[in-house]
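# Structural description and commentary
Chain by chain, the residues:
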Amino acid sequence: SITTRFGSLAAMYMQDDKYMRGRDMRQFVSYDGQLPGFLPSLRMDTQNCTLVMVFPRNRAAGGTVKSHELVDKPLSRARRIFHTFACDSKITCERLKHIKVDDEPVCMELYQEDIRDRFIEILAQSGLEASQFSSLDGDETFLKIWLPEQGQVIDFMADALHYNMPLKETVYQGIEPHAPYPGGAPMENFDAQPVVAYCEFSIPDKKNFQDFRKVDSIRILSFWLNEWVSLDEMERQGVISCHFPCPDAGELHQIHSALLAPRQWMTFTPHTSAITIRRYFGEEIAFFFGFLGHLCRSLLFPGTAGLIFLIVTQFVEVEGHRLDGLRTSLCVPMSIWAASSLHVFERKTARMKQLWGVHEREAREMPNPDWNPTPHSGEWGKLLSTFITLCFVTLYIAAISALLAWQFNSNRQKDSLFQRASLILSILIKIGGLGWRFLAPFVVSLENHRTLKGYDDALALTLSGVKLLMTNFPFFYSCFLTNFVETKCGKNFEEVAPTVWPGFNESLIDSQTKEALLKYTFTWSRRIRGREDETFCINGCFPPDWHYAREDSRTNCDYDVTANLLTYFVFLLVLDMVFLIWPIVLSRWEINKEYRNAEEAEGNQDFSYSILQWEAKKFQYVYDSWGGDRVTDFLDITVAYSVVACWGCILPTIATLALVVLFISMHLRMYRMLYVARRPLPHATAGLGIWKSIILYTNVAAVACNVGLASIFFYPMRLRPPGQQLTMFIIGEHVIFLLQAAVSAFVPEEPSDVIDIKYFNRHVLAILGRRRHHEQLVPPVHSNLNTIDLSLNPENWDSDSSASSLMTGSSRPV
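Residues numbered from 1 in each chain as written. Predicted model: local features only at pLDDT ≥ 70, side-chain atom pairs only at ≥ 80, totals over all residues. Heavy atoms only, no water.

## Section: the packing of helix 24 (residues 690-713) against helix 25 (residues 722-746)
For any two helices packed against each other, the geometry is given by the interaxial angle and the distance between the axes. As a reminder of what qualifies: Working convention: axes come from line fits to C-alpha atoms, limited for helices to the stretch in contact. Angles between N-to-C directions cover 0 to 180 degrees. Secondary structure elements follow DSSP: runs of H or I no shorter than four residues count as helices, runs of E no shorter than two count as strands, and numbering proceeds from the N terminus. Roughly parallel covers angles under 35 degrees, roughly antiparallel covers those over 145, roughly perpendicular covers 65 to 115, and oblique covers all other angles. We call a crossing left-handed when the near helix sits turned anticlockwise from the far one by less than a right angle, and right-handed when that turn is clockwise. Any pair of residues with heavy atoms lying within 4.5 Å of one another is described as a contacting pair. The nonpolar class holds Ala, Val, Leu, Ile, Met, Phe, Trp, Tyr, Cys and Pro. Asp, Glu, Lys and Arg form the charged class, and all remaining residues, Gly among them, are polar.
It is at 9 Å that the axes of helix 24 and helix 25 come closest, and there the two elements cross at 140°. Considered as vectors, helix 24 and helix 25 are oriented oblique to each other. Between helix 24 and helix 25 lies a crossing of right-handed hand. Here helix 24 contributes Val700, Val703, Ala704, Val707, Gly708, Ser711 and Ile712 to the contact with helix 25, which in turn contributes Gln725, Met728, Phe729, Gly732, Glu733, Ile736 and Phe737. Considered class by class, the residues forming the contact of helix 24 with helix 25 number nine nonpolar, four polar and one charged.

## Description of the state of the cysteines
Rules: In this description, a disulfide is simply a cysteine sulfur pair whose atoms lie within 2.5 Å. Burial status follows relative accessibility: with a 1.4 Å probe on protein chains alone, a residue under 20% of its type maximum counts as buried, one over 50% as exposed, and anything between as partly exposed.
Counted by the stated rule, this structure contains two disulfides. The disulfide partner of cysteine 489 is cysteine 537, and the gap between their sulfur atoms is 2.0 Å. In this structure, the disulfide formed by cysteine 489 and cysteine 537 twists by about 105° around the S-S bond and is classed as right-handed. Of the two residues, cysteine 489 sits in strand 10 (residues 488-490) while cysteine 537 sits in strand 12 (residues 531-538), which places them 48 residues apart along the sequence. The class of cysteine 489 is partly exposed, set by a relative accessible area of 41%. What makes cysteine 537 buried here is its relative accessible area of 0%. Between the sulfur of cysteine 541 and that of cysteine 557 lies a disulfide, 2.0 Å long from S to S. Between cysteine 541 and cysteine 557 the sulfur-sulfur dihedral comes to about -90°; the bridge is accordingly left-handed. Taken together, the positions of cysteine 541 in the loop between strand 12 and helix 20 (556-602) and cysteine 557 in helix 20 put the pair 16 residues apart, joining distant regions of the chain. A relative accessible area of 8% means that cysteine 541 is categorised as buried. On the basis of relative accessibility, which here comes to 2%, the residue cysteine 557 falls in the buried class. Once the disulfide-bonded cysteines of the protein are ranked by sequence position, their pairing pattern turns out to be 1-2, 3-4.

## Some words on the side chain of arginine 327
On the secondary structure map, arginine 327 appears in helix 14 (residues 321-356). For arginine 327, a relative accessible area of 1% puts it in the buried group. Those residues in contact with arginine 327 that lie beyond four places of it in its chain are Phe309, Arg554, Asp558, Thr562, Cys649, Ile650 and Phe714.

## Details of the packing of helix 10 (residues 249-260) against helix 11 (residues 270-281)
At their nearest, the axes of helix 10 and helix 11 sit 10 Å apart, and the two run at 165° to each other. Here helix 10 lies roughly antiparallel to helix 11, going by the angle between them. Here the hand of the crossing between helix 10 and helix 11 comes out left-handed. Residues Glu251, Leu252, Gln254, Ile255, Ala258 and Leu259 of helix 10 form the contact with helix 11, whose participating residues are Ser273, Thr276, Ile277, Arg279, Tyr280 and Phe281.

## Quick notes on the environment of leucine 688
Mapped onto the secondary structure, leucine 688 falls in the loop between helix 23 (653-675) and helix 24. Taking the C-alpha atoms as reference points, leucine 688 and glutamate 346, 342 residues apart in sequence, are found 9.0 Å from one another.

## A look at the sheet that holds strand 6 (residues 140-146)
To keep things clear, this is the line we draw: DSSP-based pairing: two strands are paired if at least 2 bridges between them are found.
If you trace the four strands from one edge of the open sheet to the other, you get 5-6-2-9, paired in antiparallel fashion. Every interior strand has two partners, whereas the edge strands, strand 5 (129-134) and strand 9 (242-245), have only one. The mean angle between the axes of side-by-side strands here comes to 20°, regardless of whether they run parallel or antiparallel.

## As for the pattern of salt bridges
This is how the line gets drawn: Definition used for salt bridges: Asp or Glu carboxyl oxygen within 4 Å of a side-chain nitrogen of Lys or Arg.
Per the counting criterion, the structure on display carries 22 salt bridges. Residue aspartate 216 is joined to arginine 213 by a salt bridge in which the shortest nitrogen-to-oxygen separation is 3.2 Å. On the accessibility criterion, arginine 213 (30% relative accessible area) is partly exposed. For the salt bridge of arginine 550 with aspartate 552, the shortest nitrogen-to-oxygen distance reads 3.1 Å. For aspartate 552, a relative accessible area of 8% puts it in the buried group. Counted as one network, the salt bridges with shared partners bring together Glu346, Lys353, Lys692 and Glu749.

## Comments concerning a nonpolar patch on the surface
To keep it simple, the criterion reads: A patch consists of residues whose relative accessible area exceeds 30% and which take part in no salt bridge; residues with like charges are grouped when within 9 Å of each other, and nonpolar side chains (Val, Leu, Ile, Met, Phe, Trp, Tyr) when within 5 Å. Only the protein chains shown count as cover for residues, and the accessible areas themselves come from Shrake-Rupley with a 1.4 Å probe.
A surface patch of nonpolar side chains, about 830 Å² in accessible area, is lined by Leu566, Val570, Val574, Val578, Phe579, Ile581, Trp582, Val585, Trp626 and Leu657. Residue contributions to the nonpolar patch peak at eight residues, all from helix 20. When you line up the elements, valine 578 lands in helix 20.

## Structural notes on the pairing of strand 9
Going residue by residue along strand 9, you find Cys242 and Phe244 tucked away on one face and His243 and Pro245 tucked away on the opposite face as well. Strand direction decides the pairing type here: strand 2 (residues 51-56) and strand 9, joined by four bridges, are antiparallel. Its bridge partner being in strand 9, methionine 53 is matched across the sheet by histidine 243.

## Comments concerning the pairing of strand 2
The buried fraction of strand 2 amounts to six of the six residues, a majority that puts the element mostly inside the structure. Covered by surrounding structure in strand 2 are Leu51, Met53 and Phe55 together with Val52, Val54 and Pro56, the residues of both alternating faces. As paired elements, strand 2 and strand 6 share six bridges and run antiparallel to each other. Counterpart to phenylalanine 55 in the pairing with strand 6 is threonine 141.

## Overview of the confidence of the model for the protein
Formally: Confidence scores labelled pLDDT are given residue by residue by the predictor and lie between 0 and 100.
Averaged over all residues, the pLDDT of the protein is 82; the fraction at 70 or higher stands at 86%. Low confidence marks residues 1-32, where pLDDT is under 50. Its contacts with residues over four positions away, or in another chain, come to 71 contacts. Note on residues 412-417: pLDDT under 50 across the span, and eight contacts to partners over four residues away in sequence or across chains.

## Digging into unusual backbone geometry
With an omega of 10°, the peptide bond running from tyrosine 715 to proline 716 counts as cis. Relative to the assigned elements, proline 716 resides in the loop between helix 24 and helix 25. The phi torsion at histidine 162 lies on the positive side, around 55°, for a residue other than glycine. Here histidine 162 lies in the loop between helix 7 (152-160) and strand 7 (164-166). Of the residues examined, histidine 162 reaches a relative accessible area of 47% and is grouped as partly exposed. Backbone geometry places alanine 192, a non-glycine residue, at a positive phi of 65°. Mapped onto the secondary structure, alanine 192 falls in the loop between strand 7 and strand 8 (198-200).

Below is the structure:
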């Protein structure tokens, strides 16, 4: 086995050796190319590196470890780091010098010495190579762990972990044609790409598999270490500052040139971006950017429609029934667009999933370190989390309803605060969203999920469900509830009109205007003490100007929701840009801070940052971090998408604005992944995961909203009786969903070439499996069936006529 290049590192970690810095600096190799990001000159130190761990030193060496701090229950804490079978064994406990079985407190220095020594033993026994160097200001020790892509160690680990690897194309040369399956070569998909099968790696069949890639080495190493130790728990307890896969400057430069260079912006394709990103960040992040690119492209239709709408409304007077007719005409295509966009993406990525050999869930899922094995703890936690969620949503809806009611009842001529109502609403939505963003992790932790994947999925559902409701409820309220909630009633029109239109004077309007105003009224009667009592009411949505009202005039609800929609959407996009740009500035400030600290310690000595030191100073790619995370990124995109898909017909211009901003946002997110976020583990999961269901439900809501706008909110349907509106809504919604079902039936998400290749590769794997075990399709034991006679003439009839005579009972066999 491969031995480690270092001895006992634990003692070195605790030393106060500033002189090590100068010696470590000479180990670096100059990197000739300058990374194109907003970065200083970096020196390359990523040779022979797969995974990096950063160990803090004690305070005497300028680090953060408090050497004399007492650690309570050290053995219990150690068991959270090392898995049960590795730590509870008698041999392991005997190796611990200072952590005893009686669990007596020890000082932090001795506790970390034991943990670090045991970790080093695991690396040595695993046959891994490693080296170390100190940070620029000497407060941390960097440990580089190397798992070569070729050798006995990675072969053994991949075999033990049942790691999936692609077959070589040469394997198919020995596959003979069989029935519908071709032979001699792997089948090609519609994109003319040969698609090979994936199966579990095994050492005896190593010659059949392709070589391990750098990303495979990272995954195998992380899976292997996870069998023995929890790196996340080591980070929580302060044993390490951080850990991350080793960056690659060459690949970073290639990704930047392929996706972020200005000349590539106009030739961008989602398929190309996913392939480029996959080599470095893995399939999970590749599919995210693939979906983001697909969304940008799919927004070309509503964005173009919004641009045309803006031009027409700016240069042509479009009011009344013409405006609503134009907006109503967009409801059907917007509904079809929302219903089909996800289906198109899934069909396009089906070939990519098969080509990369990935599935919706990763074969090996990381355990959740916070999981509590106590029985039924998750059931009570789910009830409590549901109760907290319902309370939060109820309070939020009450606050939003009160604000919208104030906006409705405000005097537009006198109340200056009304002009800021839309901005106040936008701020309230954002504050509610931020509050839930901080509360959601606690709510989800109550559900006690066993795996990190289960926790992330639950967090995505909890966040998105509430956040989408919080974002879209104010617009739903203005479009569909205000007309009923804010009705004003009295004995007759003359009594109610002044309460709706301040200063109303019937003598100042003509009969045609009054008839138009009466279109927005209704009467209802009830029987009280044997007599009919009739009440006259004016709808909550009505023309705001009673002087020149027409039946097709825009209503107050229309003006309110348009102002709120435009203000919120601009507010949302501006904040999105700020939160994407600010981490870039903050990251560079952290690097400059490190330079200043080093200069203060060493005077005017010339310092140079290395790539690994720069990577360690990046922000972690986890939830609620400046480096971003997959849940928050998907959530931000889904929220913006839901506003466009559900309410874009009211103000089509927001689709154009969303197209431009989302395109810029996509490139800023790519830049953040490359230069701001610390490289995450490259997970091999396919598609959108739980976000596919979230976006699917969003599309269903978008269809309902668009049909509802056409059948309830826009003229002329807004003047129809409620029964006709409901009938129109049900018919329109069912027609759109039936059309979507028909498209899914005739154009399935899984193309025919994907299905053919899937079955062919199964056939190939079956043949290889039989060859591996020297099996044939004949059992080793044979049966004696000599007495069975299935000949065509078992009775030896001499002619067909004799057989016919037998049926009449007049002939015998010869």
